[in-house]
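Chains, contacts and geometry: an overview
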Amino acid sequence: SPFPNSGFVPSLFDSPAERYVKARQSVQRFTLVQLGKCCFDGENDFPGYVVHSYNFFLFPSTLGIRDVEFTLSASSIQFLSHYGFDYNKFLKDGIPYMNEVQEKILRQRLLAGTWKVRSNADRDVLKKAIDEVTSWIAAAKEEDAMVLQDLNDYHILEVQLVLRQALENVWTEPLGDKKLMVKKVSPEHRQLLENSPYDHCQKKLILLYARGFTNLFQILVKAKKPLVGHNMLMDLMHLHDKFYRPLPESYEEFKRNIHNLFPVIIDTKTVTKSVQKKCLFPRVSSLLEVYAVLCSSNLNPKGPPCPVIALASDCSRYAEKKSPHEAGYDAFLCGSVLLMSAHLLLCRSTDDAVEADPSFPQYLTVLAEHVNKVNFIRGGVSSINFSGEDAPCRHPPALIVHVRGWPGLTERQIYQEFKAHCRFDVRGLSKNQFILLSNQYKHVRLVLRAYRHHPHLQVSVYRHWRHSPSVNCLLQ
């Protein structure tokens, strides 16, 4: 949308709590399609870091919980298609996941035996399997067996649950290679098998499968390793909503939860802003551009070179070809940008010579001022502090527009009027007054000059004591 106050579009007027409310509605509507995880290992026999990068296609779990609905925007589909996103893999092979609330519901239904198949496509597969088994079992003898073919992992689990629930004299066992064995047994034998530790349909194994990627998320939470991302506010909100708990209404509660889950968060967008100020670093915006500049520029001619960052052999595809906006590749870029930025900051922080291969704890020392500070795009603060109070950022002075002889003017029309000169965010103050905010001083000066003699729009610097309706009400 070209108008900054329509829908979820960042506005300079947004406080962190207001932005959170906007973003929360968006996160609840959309799903995660892909998640990248990258581990940077400092190995003893290698002078640098060996990188293991992983790319996960995700799809909401449909196993026994309410059918999940989500939104896909046309622009996002077009964007991902441009960068080669594999929608078939997302839809057919996406790893399931669920949050704690969804897991509790599934656990209760499994224990109560009220588990149900939610997908229409799955129902067709199950109907075909049940028809085959019921046709066969009528004439089968005890210990006879048959094999069902061409079932994916998810269907194998569902077919077993449905068959065992419907027929007390069958036993099921996965054979691998998309095959499932079905055996006719006595009810007594069936009970013995169900109590066996080798039963593939134990409740704990079903939950383990249904949790899917959430199992890895919980491992990462327990590890308490630094979590690194780029412009990561929305990422953190999705992690909370999809793998932990539904996003709370309270912004402060969200901050506390995230800090408990990940005590050390580093946003490379915040870090690279600092590098741009302290080094002769060109202003670039995308993660790939930042990575390219750090790799190609000699920003540290006197200090030791940046640490060697090498992709492991099973990730060599990323060394051979750029894959921007593929989650695993972006995770690799993110970690690399952090290490190279931290190295530059370390070299600039001291007049003494820096050792050839600094340790990661040394890097963390110079990154300390950025820890838990997540970039806040175009708003009332420059970053969100997940371990303390959010510090307001300094904007150029707000402007107030008085409208004369132009009745019925709206925020959108004011926005379009000033858009021709530069970008301002607009908020109505009264029926004929509007506040303008910009993050560029030159834009403020330009508009004050351009509208000095405008017949209908009088523009001046906003003074709270003079222009605020609440202050005027008290003075009257």
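Residues numbered from 1 in each chain as written. Predicted model: local features only at pLDDT ≥ 70, side-chain atom pairs only at ≥ 80, totals over all residues. Heavy atoms only, no water.

1. Some details on the pairing of strand S3 (residues 145-148)
Burial along S3 is one-sided: Met-146 and Leu-148 are buried, and none of Ala-145 and Val-147, which face the opposite way, are. Two strands pair when backbone bridges link them, and S3 and strand S5 (residues 179-184) are joined in this way by four bridges, in the antiparallel orientation. Its bridge partner being in S5, Met-146 is matched across the sheet by Val-182. (Buried < 20%, exposed > 50% of the residue type's maximum accessible area, 1.4 Å probe, protein only. Helix = DSSP H or I, 4+ residues; strand = E, 2+ residues; numbered from the N terminus. Pairing = 2+ DSSP bridges.)

2. Focus on the sheet that holds S3
A sheet is described by the order of its strands in space; here three strands give the open sequence S3-S5-S4, paired in antiparallel fashion. Since the sheet does not close on itself, it has two edges, and those belong to S3 and strand S4 (170-176), each with one partner. Sheet twist, expressed as the average angle between the axes of neighbouring strands with direction ignored, equals 25°. (Axes fitted to C-alpha atoms, helices over the stretch in contact; angles between N-to-C directions.)

3. What about helix H4 (residues 100-112)?
With 13 residues, H4 extends 18 Å from end C-alpha to end C-alpha; this agrees with the ideal 18 Å at 1.5 Å per step. When H4 is considered as a whole, its buried residues turn out to be Glu-103, Leu-106 and Leu-110. Seen from one end, H4 has its buried residues packed into an arc of 65°, which puts them on one side. Those residues of H4 that are exposed and angled more than 90 degrees off the buried face are Lys-104, Leu-111 and Ala-112. Next to the buried residues of H4 lie helix H8 (203-211) and helix H9 (213-223). The opening residue of H4, the one whose side-chain oxygen lies 3.2 Å from the backbone nitrogen of Val-101, is Asn-99. Positioned one or two residues after H4, Gly-113 has a phi angle of 70°, which is positive. (Expected span 1.5 Å × (residues − 1). Arc of directions from axis to C-beta. Contact = heavy atoms within 4.5 Å. Polar contact = N/O pair within 3.5 Å; in protein donor to acceptor, adjacent residues only side chain to side chain.)

4. Focus on the sheet that holds strand S14 (residues 457-461)
Reading across the sheet, the four strands line up as S12-S13-S11-S14 and stay open at both edges, with antiparallel pairing between neighbours. Each of the sheet's edge strands pairs with one partner strand only, and the pair in question is strand S12 (425-430) and S14. Neighbour-to-neighbour, the strand axes of the sheet open up by a mean angle of 25°, direction not taken into account. The pairing of strand S11 (residues 399-403) with strand S13 (residues 433-437) spans four bridges and is antiparallel. Across the sheet, the residue bridging to Leu-399 is Leu-436, located in S13. Against the sheet, helix H17 (residues 411-419) makes contact with S11, S12, S13 and S14, and its axis sits at roughly 135° relative to S12, the strand it touches most. In the packing of helix H18 (residues 441-450) onto the sheet, the strands contacted are S11 and S14, and the crossing angle to S14 comes to about 140°.

5. Considering the environment of Gln-362
Note on placement: Gln-362 falls in helix H16 (residues 360-367). Overall, the relative accessible area of 27% leaves Gln-362 in the partly exposed class. Sequence-wise, Gln-362 and Glu-389 are 27 residues apart; in three dimensions their C-alpha atoms are separated by 26 Å. Excluding residues within four positions of it along the chain, Gln-362 makes contact with Leu-346 and Glu-355.

6. A short note on the pattern of salt bridges
Enumeration according to the criterion identifies 15 salt bridges in this entry. Taking the shortest distance from any N to any O, the salt bridge between Lys-255 and Asp-390 comes out at 3.2 Å. One end of the pair, Lys-255, is in helix H11 (residues 251-261); the other, Asp-390, is in the loop between strand S10 (383-385) and S11, and 135 residues separate them in sequence. According to the relative accessible area criterion, Lys-255 is buried, its value standing at 5%. Its relative accessible area of 18% is what places Asp-390 among the buried residues. (Salt bridge = Lys/Arg side-chain N within 4 Å of Asp/Glu carboxyl O.)

7. Some points on the confidence of the model for the protein chain
Of all residues in the protein chain, 93% attain a pLDDT of 70 or more, and the chain-wide mean is 87. When mean pLDDT is compared element by element in the protein chain, H11 scores highest at 98, while helix H20 (residues 469-475) scores lowest at 55. Predicted confidence is poor over residues 1-7, with pLDDT under 50, and the contacts of this stretch with residues over four places away or in other chains come to 20 contacts. (pLDDT = per-residue confidence, 0-100.)

8. Focus on the packing of aromatic side chains
How two aromatic rings sit relative to each other is set out by the distance from centre to centre and by the angle between their planes. According to the stated counting rule, one finds 19 aromatic pairs in the structure shown. Taking the centre distance of 6.4 Å and the plane angle of 65° together, the rings of Phe-418 and Phe-424 count as edge-to-face. The exposure class assigned to Phe-418 is buried, which follows from its relative accessible area of 1%. According to the relative accessible area criterion, Phe-424 is buried, its value standing at 3%. Ring-pair connections join several aromatic residues into one group, and the members of that group are Tyr-54, Phe-56, Tyr-97, Phe-213, Phe-217, Phe-243 and Phe-262. Between the NZ or CZ atom of Arg-19 and the centre of the ring of Phe-376, over which it lies, the distance is 4.3 Å. The ring of Trp-171 carries Arg-164 above its face, with NZ or CZ at 3.8 Å from the centroid. (Phe/Tyr/Trp six-rings, centres within 6.5 Å; stacked < 30°, edge-to-face > 60°. Lys NZ or Arg CZ within 6 Å of the ring centre and 35° of its normal.)

9. A look at unusual backbone geometry
Trans peptide bonds make up most of the peptide bonds, and negative phi angles are found at most residues other than glycine. You will see that Asp-177, though not glycine, has its phi angle at about 55°, which is positive. Tracing the backbone through its elements, the reader meets Asp-177 in the loop between S4 and S5. With relative accessibility at 67%, the residue Asp-177 sits in the exposed group.

10. Digging into the packing of helix H13 (residues 287-296) against helix H15 (residues 327-348)
Interhelical geometry of H13 versus H15 gives an angle of 45° and a closest axis separation of 9 Å. Between H13 and H15, the crossing angle belongs to the class labelled oblique. For the crossing formed where H13 meets H15, the hand is left-handed. Along the contact surface, H13 presents Leu-287, Leu-288, Val-290, Tyr-291, Leu-294 and Cys-295, while H15 presents Tyr-329, Asp-330, Phe-332, Leu-333, Cys-334, Ser-336, Val-337, Met-340, Ser-341 and Leu-344. A per-class count over the contact of H13 with H15 returns 13 nonpolar, two polar and one charged. (Parallel < 35°, antiparallel > 145°, perpendicular 65-115°, else oblique. Left-handed = near helix turned anticlockwise from the far one by under 90°. Nonpolar A, V, L, I, M, F, W, Y, C, P; charged D, E, K, R; others polar.)

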